[in-house]
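If you want the building blocks of each chain, they are given just below.
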Amino acid sequence: MASEKILVVDDEQSMTQFLGIVLRKEGFQVTTVNSGKEALEKVKSESFDVVISDIKMPGVDGIQVLQGIKKHDPSIPVVLMTAYASQQSAIDSVNLGAFQYLLKNAKNDEIKLVVRNAIEMRRVRSENQFLKRELKKGHDEKTIIGSSEEMTRVFKMVDKVADSEATILIQGDSGTGKELIAKEIHYRSRRAGGPFVTINCGAIPRDLLESNLFGHEKGSFTGAVKDSPGLFQVAEGGTFFLDEVGEMPLATQVKLLRALQEREVIPVGGTKPIKIDCRLVAATNVDLEREVAEGRFRADLFFRLNVIPLRMPPLRQRRDDIPLLVDHFLKRNARGGPLKLVSKEAMEALMKYDWPGNVRELENVMERAMILDEGGNITPEDLPDKIRFGHSQKGSLIIDSPNMTLEELEKEYILKVLNYTRWQKKRSSEVLGINASTLYRKLIAYGIEKPGGSRDGQDFGDDISDEGERAA
Ligand SMILES: Nc1ncnc2c1ncn2[C@@H]1O[C@H](COP(=O)(O)OP(=O)(O)OP(=O)(O)O)[C@@H](O)[C@H]1O
Ligand SMILES: [Mg+2]
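Right, let's walk through the structure included here. From a predicted model like this one, the values you see are computed outputs, not experimental measurements.

Our next topic: the pattern of salt bridges. Following the criterion strictly, the structure yields 27 salt bridges and no others. Between Arg 190 and Asp 163 there is a salt bridge, with its nearest N and O atoms 3.7 Å apart. One end of the pair, Arg 190, is in the loop between helix H7 (178-187) and strand E7 (196-200); the other, Asp 163, is in the loop between helix H6 (149-161) and strand E6 (168-172), with 27 residues separating them in the sequence. Judged by its relative accessible area of 59%, Arg 190 falls in the exposed class. Taking the relative accessible area as the measure of exposure, Asp 163 reaches 38% and is therefore partly exposed. One salt bridge in this structure joins Arg 188 and Glu 184, with 3.2 Å as the shortest N-O distance. The class for Arg 188 is partly exposed, based on a relative accessible area of 37%. One network of salt bridges, in which partners are shared, links Lys 5, Lys 42 and Glu 46.

Laid out in structure tokens, this is it:
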């Protein structure tokens, strides 16, 4: 495995030599230079994993080296060194984006630790950069669809707030596009070049949540074998998306509130605060106001998060968007192949359905329909029963025949269901919501027989074949 490359910058040769010896002994590849100017040339021609630079140097000083490197490649961690007397400038440098500072009288162990942390940070960051690029690739295809009044309102709001630094709270039911909007806000903000980091507060065990958020110091709990930065640090310069924030335990809420107020975090097991620089977007599908009223969510934290409230409307309140979304998913899933059509009847069923799972459910239904459909025209047969027949409107498919008697309607409807289930009578009785013996009686009463087959009602009851099973 190639060892990490470190650039050491100091105008004093004795210092670069000393650091060279210490770090090479640790197995690192070390390059030393004795001026800020040389350092900036070096980072342009070679790639380094960490740069350690003295602050006070004649000509180009450490702060300028830091700024030059940040401009060239913001993911390279820069450690600045300073004599005790000028500790304040070192502290300022951290605010300018230095990874950390080292006092010149630091012990070897401390130097090694800081370098190892910097490398770890670089690794986490470059992983995140990779994810971010992947995401961005995906993001271009992930246009947000909607032209309903409700969505237009959301888009206008996003326009207004994306570029500000304000914290945003996105509330909305599951599958309404909260995460999609959060990403959109990030990519339209001045932090778009930084990372978009997500944490799902509901999916991580309580004890791990805090260490994920704030980082931890070595030995702070079993398994904490080394210091590790939290996601607040990983999100530096970018956007931190706190998903399912309503699931956060009260004890963690206190710490989050403190982090937001002070703009710094204290790693688990540590005492030294670390500055944070990220924009916060939070989302929840529970009603946070109610959570506050019932004592499960801190009111002060709620007000901190809810600086700009955004509500994602459920799909059933913006049915105009359904045909647009259907079209969008058809195109996206066609992946350049022939475009499928949706029959008028299928579209009617899609428009009528209530979509408790919102856009995600529609996305899944469309995907499934495109798999089931063979002819290039999506018909009601390609849709799940609950959408095709509706729970409370089972007769609705045939009410376009106003002159039919009720009995004729019923016969017609039973036939449709039988055709849909490919004459699996057990499934048919389920879809019809009647029991098997009732269906049997009706088949005889209406003289219904399987077309082409010699089957009468005789085999009814044994027909539990799964052949033709389509519904999920
Ligand atoms: N307006 C939209 N246009 C296109 N796709 C959308 C839209 N809204 C949601 N989607 C898609 O629906 C799926 C669900 O969206 P998303 O994950 O953003 O929802 P969510 O509100 O975060 O859901 P949950 O609360 O369950 O986490 C995603 O695949 C997303 O791409
Ligand atoms: Mg989500």
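Now that the structure is up, let's keep going.
Our next topic: the site of ligand 1. Lining the immediate environment of ligand 1, one finds 18 residues, of which Ile 145, Ser 174, Lys 178, Arg 360 and Glu 363 sit closest. In this structure, an oxygen atom belonging to ligand 1 sits 3.3 Å away from a main-chain N or O atom of Thr 176. Between ligand 1 and the protein, one listed contact pairs an oxygen atom with a side-chain N or O atom of Glu 363 at 2.7 Å. Calculation on ligand 1 without its partners gives an accessible area of 630 Å², and the protein chains cover 90% of this total. Of all elements in the fold, only H7 and helix H15 (358-372) reach the threshold of two or more residues within the shell around ligand 1.

Moving on: the sheet that holds strand E14 (residues 308-312). Overall, parallel pairing links the five strands, which are arranged E7-E10-E13-E6-E14 in an open sheet. Taken across any chain shown, the strands that pair with only one partner, and hence form the sheet edges, are E7 and E14. The mean angle between the axes of side-by-side strands here comes to 20 degrees, regardless of whether they run parallel or antiparallel. Bridge analysis of E7 against strand E10 (residues 239-243) gives five bridges, and the strand direction is parallel. When the bridges of E10 are listed, Asn 200 appears paired with Asp 243.

In this section: the side chain of His 216. Relative to the elements of secondary structure, His 216 occurs in strand E8 (residues 215-216). We classify His 216 as buried; its relative accessible area is 11%. A polar side-chain atom of His 216 sits 3.2 Å from a polar atom in the side chain of Ser 211.

The next point concerns the sheet that holds strand E1 (residues 5-9). Each strand in a sheet pairs with another by means of backbone hydrogen bonds, the pair being arranged parallel or else antiparallel. Judged by pairing direction, the sheet is parallel, and its five strands sit side by side in the order E2-E1-E3-E4-E5 without closing on themselves. Sheet topology places strand E2 (29-33) and strand E5 (100-103) at the edges, where each strand pairs with a single neighbour. Across the sheet, the mean angle separating the axes of adjacent strands is 20 degrees when strand polarity is ignored. Strand direction decides the pairing type here: strand E4 (residues 78-82) and E5, joined by four bridges, are parallel.

Cut-offs and rules
- Residues numbered from 1 in each chain as written.
- Chains lettered and ligands numbered in written order.
- Predicted model: local features only at pLDDT ≥ 70, side-chain atom pairs only at ≥ 80, totals over all residues.
- Heavy atoms only, no water.
- Salt bridge = Lys/Arg side-chain N within 4 Å of Asp/Glu carboxyl O.
- Helix = DSSP H or I, 4+ residues; strand = E, 2+ residues; numbered from the N terminus.
- Buried < 20%, exposed > 50% of the residue type's maximum accessible area, 1.4 Å probe, protein only.
- Near = heavy atom within 4 Å.
- Polar contact = N/O pair within 3.5 Å; in protein donor to acceptor, adjacent residues only side chain to side chain.
- Areas by Shrake-Rupley, 256 points an atom, 1.4 Å probe, with all protein chains shown as cover.
- Pairing = 2+ DSSP bridges.
- Axes fitted to C-alpha atoms, helices over the stretch in contact; angles between N-to-C directions.

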